[in-house]
Amino acid sequence: RELWPNRTIGLIKVAEGATALHDRWSASGGDLYDLLIDELRTQMSDLSIEWRPQLVGFVWMQGESDAFGDAASAYQGNFLAFLQALRVDSGLPLLPVVAGLIAPQGGWPEAAAVRGATTRVADLVGPMEVVETSDLTMHPDDVAHYDTASNITLGRRFADAAVGIYGSAWSYPG
């Protein structure tokens with residue numbers, strides 16, 4: 001918003017806690033992936049009635065539920081398939097992506113595997129950036145979620161990473 005103060009910026013959020021990429025977010029039959037694509041199409045269509053919306057990026061913060069056993073080992077392939085399908089289904093083969101690395105602490109025994117897989121996918125697919133979270137603090141009563149200050153910091157990091165992909169000279173169509 002600070003970079004483009006004269007533009008209306010909208011977010012379409014599709015989220016559900018404690019869900020995994022290997023099943024519910026799977027591009028090949030996952031109910032949440034299907035919901036994401038349906039919501040994207042519906043919202044863009046609804047916005048098109050009075051606006052000329054443009055999908056300009058995708059933010060992903062997920063992986064804790066995959067940081068166990070076979071799901072962790074398969075995360076790179078699953079995430080790559082997810083992003084490739086998303087780009088096809090959105091009609092944007094170079095849809096910019098920003099992904100948060102899951103926290104290395106907490107109850108996720110294979111967090112390092114998921115973090116590494118996320119970074120490797122970013123190297124493979126471009127344009128994509130990853131955002132570090134290891135210095136963020138968790139909610140004191142819930143070790144699976146960031147506290148308020150850290151959520152704000154994470155949002156800022158997502159925005160800064162997106163701007164890094166676009167560059168300050170990037171502009172919406174007239």
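Below you will find a few notes about this structure. Here the residue index of a chain counts from 1 through its sequence in written order. Side-chain atom pairs in this predicted model are given and counted only at pLDDT of 80 or more, local residue features only at pLDDT of at least 70, and totals for whole chains, interfaces and linings cover all residues. The side-chain figures draw on all heavy atoms in the structure; neither hydrogens nor water molecules are used.

### Things to note about the packing of helix α2 (residues 69-90) against helix α3 (residues 111-125)
Helix packing geometry: the angle between the two helix axes and the distance between the axes. Test applied: The angle between two axes is taken between their N-to-C directions and runs from 0 to 180 degrees, where each axis is a line fitted to C-alpha atoms and a helix contributes only its stretch in contact. Each helix is a run of DSSP H or I of at least 4 residues and each strand a run of E of at least 2, with the numbering of both proceeding from the N terminus. Crossing handedness follows the turn of the near helix against the far one: under a right angle anticlockwise gives a left-handed crossing, and clockwise gives a right-handed one. Should any heavy atoms of two residues lie within 4.5 Å, those residues are counted as being in contact. Polar here means any residue other than Ala, Val, Leu, Ile, Met, Phe, Trp, Tyr, Cys and Pro, which are nonpolar, and Asp, Glu, Lys and Arg, which are charged; Gly is therefore polar.
Where α2 meets α3, the closest approach of the two axes is 8 Å, and the angle between their N-to-C directions is 35°. Along this stretch, α2 crosses α3, giving a crossing that reads as right-handed. Listed contacts from α3 to Ala 72, Tyr 75, Gln 76, Phe 79, Leu 80, Leu 83 and Arg 87 of α2 are Ala 113, Val 114, Ala 117, Thr 118, Arg 120, Val 121, Leu 124 and Val 125. In terms of residue class, the contact of α2 with α3 is built from 11 nonpolar, two polar and two charged.

### Points about the packing of helix α1 (residues 31-47) against α2
Operational definition: Note on terminology: angles under 35 degrees are roughly parallel, angles over 145 are roughly antiparallel, angles of 65 to 115 are roughly perpendicular, and the others are oblique.
Running from N to C, α1 and α2 cross one another at 25°; their axes reach a closest spacing of 11 Å. With respect to α2, the axis of α1 lies roughly parallel. With respect to the hand of their crossing, α1 and α2 are arranged in right-handed fashion. Taking contact as the criterion, the partners of Tyr 33, Leu 36, Ile 37, Leu 40 and Arg 41 in α1 are, on α2, Phe 82, Ala 85, Leu 86, Asp 89 and Ser 90.

### Here we look at the pairing of strand β2 (residues 97-100)
Counted only if it meets this: A simple rule labels every residue: compare its accessible area, found with a 1.4 Å probe on the protein chains alone, to the largest value its type can have, and call it buried under 20%, exposed over 50%, or partly exposed in between. Every crossover in which the path from the first strand over the helix to the second runs clockwise, viewed with the strands pointing away from the viewer, is termed right-handed.
Burial of β2 is two-sided: the residues Val 97 and Ala 99 facing one way and the residues Val 98 and Gly 100 facing the other way are all buried. In this region the chain leaves strand β1 (residues 58-60), passes through α2 and returns to the parallel neighbour β2; the handedness of that crossover is right-handed. Once the chain exits β2 it traverses α3 before rejoining the sheet at strand β3 (residues 128-131), and the crossover so formed is right-handed.

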